[in-house]
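Listed below are the residues making up each chain.
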Amino acid sequence: MNRLKDIFSFSEDFPLIFTQADFWIFFAAIYFLYAIVYRKKSIRSAYLFAISLLFYYKTSGLFIGILLFSTINDFFLGKAIYHSRSILLKKMLVALSVIINLGTLCYFKYAYFFTESYNNLFDTEYEVINYLAQFANTWANVDYFTVDTIILPVGISFYTFQTISYSVDIYRKQIKPLNSIIDFGFFVSFFPQLVAGPIVRAADFVPQIGKEITITKKEFGSATFMILKGLIKKMLFADFIAMNFMDRVFDVPEMFSGFTNIMAMFGYSLQIYGDFSGYTDIAIGLALLMGYKLPVNFNSPYKAIHCGDFWKRWHISLSSWLKDYLYIPIGGNRNGSIFSYIFIIVFTFLGALAFGNFGVAVLATSVIGVILIITLFSSTLARHFNTNVNIMITMLIGGLWHGASWKFVIWGGLNGLGIVTYKYWRKISPYEKSKAWYALLWRIALTFVFITFTRIYFRGNSMDHIDRFYQSVTTNMDWANALVVLWEYRIVFIVMLIGYITHWLPYRTKDWLLDQFIKSNIIIKGVIATLVAIICYQTYAADFQPFIYFQF
């Protein structure tokens with residue numbers, strides 16, 4: 001009984017994580033009750049909304065208030081947008097929804113980034129103050145909340161994007177607003193995908209809320225397979241190789257050879273895929289066990305043949321969200337917009353200033369300004385410039401979404417350059433239309449290596465840390481001891497090799513494995529689940545590894 005009490009009560013040290021036994025005890029308990037109420041639609045939504053709030057409270061404590069604020073705000077704004085007869089008022093209400101949501105996100109996620117950038121720009125020494133905590137302390141006449149620190153609520157980037165898309169889709173007449181705030185709260189907070197996605201759109205999820213729930217043998221088998229696959233990805237292909245190799249190297253890259261650092265980068269590509277893809281596999285499986293379908297978020301991304309193809313396969317829910325709610329509204333591949341031009345000028349100036357000096361910033365901004373002027377006299381140049389600027393803006397903002405730091409902006413910018421460069425390279429590429437296996441292999445390998453080495457800006461703790469990585473790679477490759485490194489970490493590299501082989505298996509082989517699991521006897525399923533549990537237990541560490549995307 002005490003164990004159940006601990007599981008269902010908040011603890012900062014023991015949040016509910018998919019890879020811990022506590023979560024599965026929690027899920028077994030709530031699933032047992034769900035099996036009793038799932039046929040009653042109104043009770044089902046209320047029950048899952050309550051469970052989702054409990055789950056988030058277990059994960060984030062009092063930050064549940066931010067989730068409830070976002071839910072209530074967009075529920076009533078959505079209704080107001082739908083019932084308003086004035087186009088101008090509709091636009092104002094949509095803008096209000098976006099401003100409130102992004103304002104909340106920026107306050108919690110980007111306060112330090114904006115303050116630091118401002119200090120660097122104007123040579124000031126302002127410090128971040130948590131005004132919400134200060135207000136709460138004053139209002140309640142307590143000294144409970146820390147006012148000199150702003151903590152990022154888990155999952156705020158995900159549910160903020162969901163609520164924004166809800167308001168925008170109502171404005172676009174793609175959906176009608178929900179009548180019940182319980183149903184809307186359930187959509188926003190559905191616990192399997194709440195804290196790390198995938199980002200679920202109302203148009204895809206809302207129609208499922210009122211439907212009859214039936215879980216077929218095929219769906220049960222598919223859900224179980226997804227959960228087991230996700231656990232293997234997370235605990236074996238992500239956590240095991242991170243704890244036993246990558247974390248040691250990335251902590252002090254200068255203490256290892258360049259070869260070891262490069263191998264760590266290839267390991268990190270597998271780790272972050274196993275971590276994030278593993279989470280979404282488990283989330284999709286859990287949702288399917290309850291009769292709900294979440295969108296596919298990964299499609300063998302390391303099979304991508306160019307950078308644009310990679311972003312159609314990686315974090316698909318975010319990529320498609322940015323395309324539909326940012327890239328296309330600012331002009332897409334058709335034209336530019338005032339937002340595009342202002343953003344690229346301001347961002348170029350601030351970015352150059354952050355890494356250079358005032359003169360460099362002015363020069364870089366002047367170049368952009370000159371190009372903009374020339375586009376007024378050349379429709380061809382204008383078309384190329386506008387399209388590429390819109391791509392770069394989308395990728396820069398996508399990078400900033402991942403983290404409040406210039407290194408994430410650089411990472412997003414490099415991916416944007418990869419997409420833009422390929423647009424022109426494919427026109428002269430000698431192997432673009434080749435059907436030969438070696439041409440395909442070359443394109444996949446080139447894309448994979450590029451994506452892998454942009455991620456040093458994703459994984460590096462700071463720009464100084466990244467510099468130390470590059471210094472090790474460029475000055476101390478130490479090829480003579482490469483075989484020694486491979487032998488010393490042989491178990492890790494074997495696991496990495498298995499991970500990449502399974503990733504690059506043909507789709508038909510993966511579909512066959514899923515089909516065989518679904519068709520198998522319940523005893524066989526139980527044996528496989530037991531083996532997966534044993535493997536995961538063998539890789540388990542007392543200091544559990546949180547999912548990487550929790551920080552976003």
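Each chain carries its own residue numbering, running from 1 in the written order of its sequence. Restriction of local features to residues with pLDDT of at least 70 applies here, the model being predicted, together with a cutoff of 80 or more for giving and counting side-chain atom pairs; totals for whole chains, interfaces and linings are based on all residues. Processing note: side-chain calculations cover all non-hydrogen atoms of the structure and skip hydrogens and water entirely.

Within the protein, the secondary structure is distributed over 25 helices and zero strands. Every radius of gyration here is taken over C-alpha atoms, with the globule rule written as 2.2 Å times N^0.38, N being the number of residues. Relative to the 2.2 N^0.38 estimate, which gives 24 Å for 552 residues, the radius of gyration of the protein is 25 Å and therefore close to what a compact globule would have. When its C-alpha atoms are laid out on the principal axes, the protein stretches across 70 × 65 × 55 Å. Across the 552 residues in the protein, those meeting the buried criterion constitute 53%. For the protein, restricting intrachain contacts to residue pairs at least 6 apart in sequence, the fraction spanning at least 24 positions comes to 74%. Accessible surface area values rest on a Shrake-Rupley calculation with a 1.4 Å probe, where residue burial reflects the displayed protein chains alone. If you sum the accessible surface of the protein, you get close to 27000 Å²; carbon and sulfur atoms cover 67% of it. When charges are counted, neither His nor the chain ends are considered; positive counts come from Lys and Arg and negative counts from Asp and Glu. Positions of charges follow a simple convention, taking NZ of Lys, CZ of Arg, CG of Asp or CD of Glu. For the protein, the distance from the average site of its 45 positive side-chain charges to the average site of its 32 negative ones is 16 Å. A run of DSSP states H or I qualifies as a helix once it reaches four residues; a run of E qualifies as a strand once it reaches two. Both are numbered from the N-terminal end. Each residue's exposure class comes from its accessible area (1.4 Å probe, protein chains only) as a fraction of the maximum for that residue type: buried when under 20%, exposed when over 50%, partly exposed otherwise. We call two residues in contact whenever any of their non-hydrogen atoms come within 4.5 Å of each other.

Within the secondary structure, L231 is located in helix α11 (residues 217–251). Taking the C-alpha atoms as reference, L231 lies 8.4 Å from D281; in sequence the two are 50 residues apart. Beyond its immediate sequence surroundings of up to four residues, L231 is in contact with F18, T19, W24, L236, I282 and C536.

On to unusual backbone geometry. The backbone of K173 sits at a positive phi, close to 65 degrees, despite the residue not being glycine. Structurally, K173 can be placed in the loop between α8 (156–171) and α9 (181–189). Unusually for a residue other than glycine, D478 sits at a positive phi of about 55 degrees. By secondary structure assignment, the location of D478 is in the loop between α21 (463–475) and α22 (482–488).

In this section: the pattern of salt bridges. For this analysis, a salt bridge means a side-chain nitrogen from Lys or Arg found within 4 Å of a carboxyl oxygen belonging to Asp or Glu. This model, assessed by the stated rule, comprises ten salt bridges. With a shortest N-O distance of 3.7 Å, E212 and K41 are connected by a salt bridge. Within this pair, whereas E212 is found in the loop between α10 (202–209) and α11, its partner K41 is found in helix α3 (residues 41–60), the two being separated by 171 residues in sequence. Given the relative accessible area of 53%, E212 is considered exposed. A relative accessible area of 36% places K41 in the partly exposed class. Residue D275 pairs with K234 through a salt bridge whose shortest N-O separation is 2.7 Å. Of the two residues, D275 is situated in helix α12 (residues 258–289) and K234 in helix α11; the sequence distance between them amounts to 41 residues. K234 shares its class with D275; the two are buried. Taken together, the shared-partner salt bridges connect K234, D239 and D275 into one network.

Along the chain, D183 falls in helix α9. The side chain of D183 is buried and forms no salt bridge, while R44, the nearest opposite charge, is found at 7.8 Å. Side-chain atoms alone can form a polar contact between residues adjacent in sequence; in general such a contact is a pair of N or O atoms within 3.5 Å, and within protein one must be able to donate a hydrogen while the other accepts it. In terms of polar contacts, D183 uses its side chain to reach the side chain of S45, at 3.0 Å. Not counting residues up to four positions away in its chain, the partners in contact with D183 are S45, L178 and I209.

Moving on: the nonpolar core. In plain words, nonpolar cores are sets of buried Ala, Val, Leu, Ile, Met, Phe, Trp, Tyr and Cys residues tied together by side-chain atoms within 4.5 Å. Counting 152 residues, the largest nonpolar core has F23, F187, F190, F205, F245 and Y292 as its most contacted members. Among the elements that take part in this core, α12 stands out by supplying 19 residues, more than any other. Beyond its immediate stretch of four places on either side in the chain, F205 contacts F186, F187, F190, V200, Y292 and L294.

Right, let's talk about the side chain of R313 for a bit. The topology assignment puts R313 in helix α13 (residues 307–313). Within the structure, the side chain of R313 is placed 3.2 Å from the backbone oxygen of S300, a separation counted as a polar contact. Reaching out from R313, the side chain makes a polar contact with the side chain of Y507 at a distance of 2.8 Å. Contact partners of R313, with chain neighbours within four places excluded, come to N297, F298, N299, S300, P301, K303, A304 and Y507.

Working definition: a ring pair exists when centres of Phe, Tyr or Trp rings (six-membered ring for Trp) sit within 6.5 Å. Plane angles under 30 degrees give stacked, over 60 give edge-to-face, the rest tilted. Here the structure, examined in full by the defined rule, presents 65 aromatic pairs. An angle of 80 degrees between the planes, with centres 6.2 Å apart, marks the rings of W24 and F27 as edge-to-face. Of this pair, W24 and F27 both sit in helix α2 (residues 21–37), three residues apart, roughly one helical turn. Taking the relative accessible area as the measure of exposure, W24 reaches 26% and is therefore partly exposed. A relative accessible area of 6% means that F27 is categorised as buried. With a centroid separation of 6.1 Å and an interplanar angle of 85 degrees, the aromatic rings of Y56 and Y159 are classed as edge-to-face. You can see Y56 sitting in helix α3 and its partner Y159 sitting in helix α8, a full 103 residues away along the chain. For the residue pair Y56 and Y159, the accessibility class agrees, reading buried in each case. Distance and angle both matter: a charge sits over a ring if NZ of Lys or CZ of Arg is within 6 Å of the ring centre and within 35 degrees of the ring normal. Of note, R455 hangs over the ring of W314, and the distance from its end group to the ring centre comes to 4.6 Å. Seen from the ring of W487, R490 lies directly overhead, with NZ or CZ sitting 4.1 Å from the centre.

Another aspect to go through is the packing of α11 against helix α24 (residues 507–519). For helices, the axis comes from a line fit to the C-alpha atoms of the stretch in contact; other axes are also lines fit to C-alpha atoms, and the angle between any two N-to-C directions lies between 0 and 180 degrees. Two numbers describe how α11 lies on α24: the axes approach to 9 Å, and their chain directions differ by 120 degrees. In this view, α11 runs oblique relative to α24, as classed from their interaxial angle. Taken as a pair, α11 and α24 cross one another with a handedness that is right-handed. Contacts from K217, K218, G221, S222, T224, F225 and L228 in α11 reach L513, L514, F517, I518 and K519 in α24. An angle counts as roughly parallel when it lies under 35 degrees, as roughly antiparallel when it exceeds 145, as roughly perpendicular when it falls between 65 and 115, and as oblique in every other case. Put simply, a crossing is left-handed when the front helix is turned counterclockwise from the back one by less than a right angle, and right-handed when it is turned clockwise.

Let's shift gears to a negative patch on the surface. What goes into a patch is any residue over 30% in relative accessible area without a salt bridge, connected to like charges within 9 Å or, for nonpolar side chains (Val, Leu, Ile, Met, Phe, Trp, Tyr), within 5 Å. There is a patch of like negative charges on the surface, built from D123, E125, E127 and D148. Within the element layout of this structure, D123 appears in the loop between α6 (111–122) and α7 (131–140). Given the relative accessible area of 71%, D123 is considered exposed.

A cluster of basic side chains, namely K312, K323, R383, R426 and K427, defines a positive patch on the protein surface. Looking at where R383 falls in the secondary structure, it is placed in helix α17 (residues 379–402). A relative accessible area of 44% means that R383 is categorised as partly exposed.

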